[in-house]
Structure formats: structure tokens, C-alpha cells
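Chain residues, written in single-letter form:
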Amino acid sequence: MTYDFDTVVDRRGTWCVQWDGITDRFPVPDLLPFTISDMDFRSPPVVLDALTARVGHGVFGYTDWHNDDFRGAIRDWFRERYATEVDVDRLVYGPSVLNQIAQLLRMWTVPGDGVVLHSPTYDGFRKAILGLDRDLRTVGVDDWAGLEREFARPDSRVFVLCSPHNPTGHVWTDAELRRMAELARAHDVAVISDEIHADLTHDGHVHRPWTAYGEGVRWALVTSASKSFNFPALSGSYGFIGDPDDHAEFVRRMGHDEGLESPAVLALTAHIAAYREGAPWLDELRAYTYGNLRLLEDRLKAAFPELGWRVPDAGYLAWIDLRPLGITADEELQRVLVERERVAIMPGGTYGEPGFVRLNLGCPRDKAEAGIEALVRAVATVRSDGADWNP
């Protein structure tokens, strides 16, 4: 490989949520973390070089995101990566994907309105929807009858789609997206498609941007390069809004009501460099994290074949259903993981599904192997009612 993903980068002492903020989610410090969905890899060299050059300029005044470099990099990325033509006149900008979603919910709903989500679901969606006093309505990822039922409720206003899906890693097919669009049109439900995991789709699967499905539907697509190129701490996200009036209102609110007209210049710099020159790094990253996931698949197949776990369609997050092993709650497994194995792995209940875990394998191979073995030992311990177990 051209790029080094094996070297361990010590992130401790950098105000890092995954490493330094471990006690925010777990009861003890100094655990080996496999938690929040960022990666332990340095950002691509082309991004680091661009940031270094921009810092070297030394002036960080107010910045405008309505520029041809930023807009053109996004346009070309969608054209080359997804064979999709996007209208950059529909482009919007925000400090984060969740911030954009919250703003759209304020535009398209009022307190008490229904917002539909697939379950399990990224916990940030729950916090944003409930924090705005909207009614959270969840349906299973495969529950099409439930999705139509929730859309048909007269006060269901918005469907927040995660595409690819977090935490399952499912990449929606063309038929599935068309079916969602048909339901949204039939019941006059707006669609917000969060596509921040799109660049991490594995070979054999095709991500399809929502821009191709929005005819007759009120819609927005929100995303960022920060997930795939690992610079979320720089802030910065963008999106597209289908309706011109909605687009104008969103830009007005962000600029005038929220005071967010000027973006973080380093976020723009990172996006442009990533989209212009970062594709080779991204492709090797996808192959590397796929390798981590294959290690997990092989280990689980050997230890617990009844799980039938397979590498997901996209991403570096492993969503593992432990209920076939009789593990239907989170508490005991988490106790063993934390107290005995000294690892932090997210419990399924965080995403609305106890009896699952979400394991972040966006990390060097040695760390991935340590986490996988810790999980296998902990699961075996819980299954044997706490008896000692040797792999």
C-alpha cells in the first residue's frame, strides 16, 4: 500500500472525545476505545499539506464559501465518484451535518410534529429531534409496512434518512430509494438524507445520492468530507436543498439568524484538498478498514457461527446482533468489557437496540485485533455465566 495505516498515532492529551473523553460514556478511565465514529488515522497527506500551507499564510479573516474552488471540488467529486451531476446553485453550508438537520427541522416542522427514523439509529439524530420537541417515530430498517404507516400519520412531516445507514452499514439499493421516494410523495413527507458515510461504501455496493430521487418531494441532502477523510474537528459540512425557496430560506437563516455566514477556512481548505487529490488515499483506507472487518467476520465465524455476521456494505463500524447467543440486554456484557477486558465498545441500547454492540474498527490493525479478541472473550464469558474462558 502507498499509505501507512498501521502506525499508531497517540491521540491522548489532544482533547480527543474517543480517548480523552472516555469517562463521559463509561464509568472508568484508561479503556481502549472503539466508540465514537472517527478514526485513529492521520488525515491524508494532501489534506495535511494543504492545511500547513494555509496556516503558513497567516491570515484567518472572514471567509466566503460561495467560491468556485469549493463549489467546483464538490461538483467534480459527485460527478467522478457517483456519476451524478449536482446543481451547485442549490449548495448550502453549515458547521456540521447535525446542525444542518436541526435547521431544516426548524424550517419544515413545529414542536409536536412527527419525524420518522429507521431503528437502530445514530444517537445524534435522537438528541436533535427530541431536543427540538419533535415527536420521534422509529421503524425497523426492513419494516416497509411500518414506514408507510408512520408516513401516513397526518402530522408526520419529515423523514430523516441515513444513507448509508449508521449503525448497520446498509447501502440502500435503487429500488429501496425509489420506494422511499414514492412513499414520501404519496404522504407529503419531506426527506433529509444524511450521506456522510457515502464515501466509505465497500466494493460491490453502490451509493446513490438522494438528488436522483427528489422529484415531487421536498428534500435536502446533507454531508461532509470530514467522516471519510477524518477531519471532523475542523467542523464544516455542506448540502443541497431541492426547492429554490427552501434553499434561499436556509441560507438566510444560517447567515442572518444564526450568524454562520462565514465558514471555518481550514474546513474549506481540507474539503477542497480531499476532493481534488484525496481519492487514492480514500480507496486504500476503504481496503484497509475492510480488512479489519474481515478479521472480525472470520473470528466471529470461528467463535460464534450461529451469529452469521458479515462485513457491512459500508463503513468501518461493525453492528453485531448478539441476541442469537441469548444476550438480549447490555448491562452484563458491558460490565465484562469494561471491568475485565478494559475496552470501551458501544452498547446497542445507545442506538435503540439492546443486545447489539457497535464496534469501531477505523484503527490500526493491532488495535482492531485487540478489540476483536476482547469482544470474543467477553461474549464467551457472559454466555458461560462468568466462568473463565480461554480462546
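These notes cover the structure that comes with them. (Residues numbered from 1 in each chain as written. Predicted model: local features only at pLDDT ≥ 70, side-chain atom pairs only at ≥ 80, totals over all residues. Heavy atoms only, no water.)

### Concerning the overall build of the chain
Okay, step 1: Assigned secondary structure in the chain consists of 11 helices and 11 strands.
Okay, step 2: The proportion of buried residues among the 391 residues of the chain is 55%.
Okay, step 3: Summarising the internal contacts of the chain: among those between residues at least 6 apart in sequence, 75% fall at separations of at least 24.
Okay, step 4: When the accessible surface of the chain is totalled, it reaches about 16700 Å², and 48% of it is carbon and sulfur.
Okay, step 5: Measuring between centres, the 41 positive side-chain charges of the chain sit 2 Å from its 61 negative side-chain charges. (Helix = DSSP H or I, 4+ residues; strand = E, 2+ residues; numbered from the N terminus. Buried < 20%, exposed > 50% of the residue type's maximum accessible area, 1.4 Å probe, protein only. Contact = heavy atoms within 4.5 Å. Areas by Shrake-Rupley, 256 points an atom, 1.4 Å probe, with all protein chains shown as cover. Lys, Arg positive; Asp, Glu negative; His and termini not counted. Charge placed at Lys NZ, Arg CZ, Asp CG, Glu CD.)

### Regarding the nonpolar core
Okay, step 1: Core analysis: the largest hydrophobic core is formed by 55 residues, its most contacted members being Leu 147, Phe 159, Met 180, Trp 210, Phe 229 and Phe 240.
Okay, step 2: With residues up to four places along the chain from it excluded, the contact list for Met 180 reads His 118, Trp 144, Leu 147, Phe 151, Phe 159, Leu 161, Trp 172 and Trp 210. (Core = buried A, V, L, I, M, F, W, Y, C linked by side-chain atoms within 4.5 Å.)

### Looking at the pairing of strand β7 (residues 219–223)
Okay, step 1: Across the 5 residues of β7, 5 count as buried, placing the element largely inside the fold.
Okay, step 2: Residues Trp 219, Leu 221 and Thr 223 line one face of β7 and the alternating positions Ala 220 and Val 222 line the opposite face, and both faces are buried.
Okay, step 3: Note that strand β6 (residues 190–194) and β7 share 4 bridges and pair parallel. Residue pairing in the sheet places Ser 193 in a bridge with Leu 221 of β7.
Okay, step 4: Judged from the 4 bridges that link them, β7 and strand β8 (residues 237–241) form a sheet pairing that is antiparallel. (Pairing = 2+ DSSP bridges.)

### Quick notes on the side chain of Thr 289
Okay, step 1: Tracing the backbone through its elements, the reader meets Thr 289 in helix α9 (residues 279–303).
Okay, step 2: A relative accessible area of 3% places Thr 289 in the buried class.
Okay, step 3: Thr 289 has contacts with Phe 41, His 202, Tyr 316, Leu 361 and Gly 362, leaving out every residue within four places of it along the chain.

### Examining the sheet that holds strand β10 (residues 343–347)
For sheets, the rule is that strands pair by backbone hydrogen bonds, running either parallel or antiparallel.
Okay, step 1: Read across the sheet, 4 strands follow the order β1-β10-β11-β9 without closing on themselves; strand pairing throughout is mixed. Edge positions in the sheet fall to β1 (32–34) and β9 (317–321), since each of these pairs with one other strand and no more. Strand-to-strand, the axes of this sheet are offset by a mean angle of 30°, without reference to chain direction.
Okay, step 2: When β1 meets β10, the two strands line up parallel, connected through 3 bridges. From the neighbouring strand, Phe 34 faces β10, where its bridge partner is Ile 345.
Okay, step 3: Packing of helix α10 (residues 331–341) onto the sheet brings it into contact with β10 and β11 (356–360), and relative to β10 it is tilted by some 165°. (Axes fitted to C-alpha atoms, helices over the stretch in contact; angles between N-to-C directions.)

### Looking at the sheet that holds strand β5 (residues 156–162)
Okay, step 1: Judged by pairing direction, the sheet is mixed, and its 7 strands sit side by side in the order β2-β8-β7-β6-β5-β3-β4 without closing on themselves. Whereas interior strands pair on both sides, the edge strands pair on one side only; in this sheet they are β2 (91–94) and β4 (135–140). Ignoring strand direction, the axes of neighbouring strands in this sheet form an average angle of 25°.
Okay, step 2: Here 5 bridges tie β5 to β6, and the two strands are oriented parallel to one another. By the bridge assignment for β6, Leu 161 is matched with Ser 193.

### Overview of unusual backbone geometry
Okay, step 1: The omega torsion across Ser 119 and Pro 120 is 5°, close enough to zero to call that bond cis.
Okay, step 2: Residue placement: Pro 120 occurs in the loop between β3 (114–119) and α4 (123–131).
Okay, step 3: Here Trp 15, not a glycine, exhibits a phi torsion of approximately 60°, which is positive.
Okay, step 4: The exposure class of Trp 15 is exposed, given its relative accessible area of 82%.

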